[in-house]
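Secondary and tertiary structure notes
Here is how the chains run, residue by residue.
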Amino acid sequence: EPEVTQTPSHQVTQMGQEVILRCVPISNHLYFYWYRQILGQKVEFLVSFYNNEISEKSEIFDDQFSVERPDGSNFTLKIRSTKLEDSAMYFCASNQGANTGELFFGEGSRLTVL
Amino acid sequence: GNSVTQMEGPVTLSEEAFLTINCTYTATGYPSLFWYVQYPGEGLQLLLKATKADDKGSNKGFEATYRKETTSFHLEKGSVQVSDSAVYFCALSGWGAQKLVFGQGTRLTINP
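Here's a quick rundown of the structure. Owing to the predicted nature of the structure, the values given are computational and were not obtained by experimental measurement. (Residues numbered from 1 in each chain as written. Chains lettered and ligands numbered in written order. Predicted model: local features only at pLDDT ≥ 70, side-chain atom pairs only at ≥ 80, totals over all residues. Heavy atoms only, no water.)

1. Things to note about the overall build of chain A
- What chain A contains, in helices and strands, is zero helices and eleven strands.
- The order of α-helices and β-strands along chain A, N terminus first, is β-β-β-β-β-β-β-β-β-β-β.
- Whereas a compact globule of 114 residues would reach a radius of gyration of roughly 13 Å, chain A reaches 13 Å, a difference of no more than 12%.
- For chain A, the C-alpha atoms occupy an extent of roughly 35 × 30 × 30 Å along the three principal directions.
- Buried residues in chain A amount to 45% of all 114 residues.
- For chain A, the proportion of contacts with a sequence separation of at least 24, taken over those separated by at least 6, is 53%. (Helix = DSSP H or I, 4+ residues; strand = E, 2+ residues; numbered from the N terminus. Rg over C-alpha atoms; globule rule 2.2 N^0.38 Å. Buried < 20%, exposed > 50% of the residue type's maximum accessible area, 1.4 Å probe, protein only. Contact = heavy atoms within 4.5 Å.)

Structure follows, in structure tokens:
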């Protein structure tokens, strides 16, 4: 069964360092997403991506964040200069089309910023 | 804006007990409602959904009914199993929107 895969599963970094989280969405999906969950808090929407551009982003997704689909398979989230408060579990998701509501999630990448 | 509130966990039950996890929402228009589940070491996966008022979503013995009058989508199961131990997330998507708005999640532990 096709699935969304994410790497790394856990990354520890120093404050101020750049981090790239990688995702391989399901191959025939068209919409891609990043969500995050700070420990003990809600799963929060960060950004959605369609047709090689951002379709929607939240207030959390400021200039420190960027997304890219560098080739036909990967979808990356970059944090330019990490802060302590960026420590969270980051989930990538994808789906096929509009208004289905069902997103397919990866297992998450845990980011710890020291 | 749209929001979802779930009952706080963790919830611990014995096998074969009846389960209810409460979920209420605030939204404009006519959202679609979802329950996602996250088993240990796995990503979130869709458990069930309902797209309009009075619809009942069901899967794996779980049910939830879209109640517009009470803005609720409570998750129920008549007899839980140890394998149901997971974190359960209530979520909504606004009409025409792609993104999901999640509740905070409820950790469920079922003891044999």
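2. A look at the pattern of salt bridges
All names here are of chain A.
- Per the stated rule, a full pass over the model turns up five salt bridges over all chains.
- The residue Glu44 makes a salt bridge to Arg36 at a minimum N-O spacing of 3.2 Å.
- Judged by its relative accessible area of 9%, Arg36 is buried. (Salt bridge = Lys/Arg side-chain N within 4 Å of Asp/Glu carboxyl O.)

3. So, the interface of chain B and chain A
- Every contact between the two is made by 19 residues of chain B and, on the other side, 21 residues of chain A.
- Between chain B and chain A lies a buried interface of about 1,700 Å² when both sides are counted; carbon and sulfur atoms form 52% of it.
- Where chain B touches chain A, the interface holds one salt bridge.
- Note that Glu56 of chain A and Lys99 of chain B form a salt bridge whose closest N and O atoms lie 3.2 Å from each other.
- Connecting chain B to chain A are four residue pairs in polar contact (both at pLDDT 80 or more).
- Among the elements of the structure, strand E5 (32-38) and strand E6 (44-50) of chain B are those that each provide at least two residues to the side of chain B that touches chain A.
- Per-class residue counts for the side of chain B that touches chain A are nine nonpolar, seven polar and three charged. (Buried area = accessible area lost by both parts, 1.4 Å probe. Polar contact = N/O pair within 3.5 Å; in protein donor to acceptor, adjacent residues only side chain to side chain. Nonpolar A, V, L, I, M, F, W, Y, C, P; charged D, E, K, R; others polar.)

4. Regarding the side chain of Thr106 of chain B
Residue and element names in this part refer to chain B.
- Relative to the helices and strands, Thr106 resides in strand E12 (residues 106-111).
- You can call Thr106 buried: its relative accessible area is 0%.
- A distance of 3.0 Å separates the side chain of Thr106 from the side chain of Gln6, its partner in a polar contact.
- In terms of polar contacts, Thr106 uses its side chain to reach the backbone carbonyl oxygen of Met7, at 2.9 Å.
- Among residues more than four places away in sequence, those in contact with Thr106 are Gln6, Met7, Gly9, Val11, Ile21, Ala86, Val87 and Tyr88.

5. Observations regarding the pairing of strand E10 (residues 86-93) of chain B
Residues and elements named next belong to chain B.
- Burial within E10 is extensive, with eight of its eight residues counted as buried.
- Neither face of E10 is exposed, since Ala86, Tyr88, Cys90 and Leu92 on one face and Val87, Phe89, Ala91 and Ser93 on the opposite face are all buried.
- For E5 and E10, the ladder comprises seven bridges, and the chain directions are antiparallel. Note that in E10 the partner of Phe34 across the bridge is Ala91.
- Sheet topology places E10 next to strand E11 (residues 101-102); two bridges connect them, and they run antiparallel. Each bridged residue has a counterpart across the sheet, and for Ala91 the counterpart in E11 is Phe102. (Pairing = 2+ DSSP bridges.)

6. Section: the sheet that holds strand E9 (residues 75-77) of chain B
Residues and elements named next belong to chain B.
- Read across the sheet, four strands follow the order E3-E9-E8-E7 without closing on themselves; strand pairing throughout is antiparallel. The open sheet is flanked by strand E3 (19-21) and strand E7 (56-59), the only strands paired with a single partner. Going across the sheet, the axis of each strand differs from the next one's by a mean of 15 degrees, ignoring polarity.
- Note that E3 and E9 share three bridges and pair antiparallel. Bridge pairing in E9 links Thr20 to Glu76. (Axes fitted to C-alpha atoms, helices over the stretch in contact; angles between N-to-C directions.)

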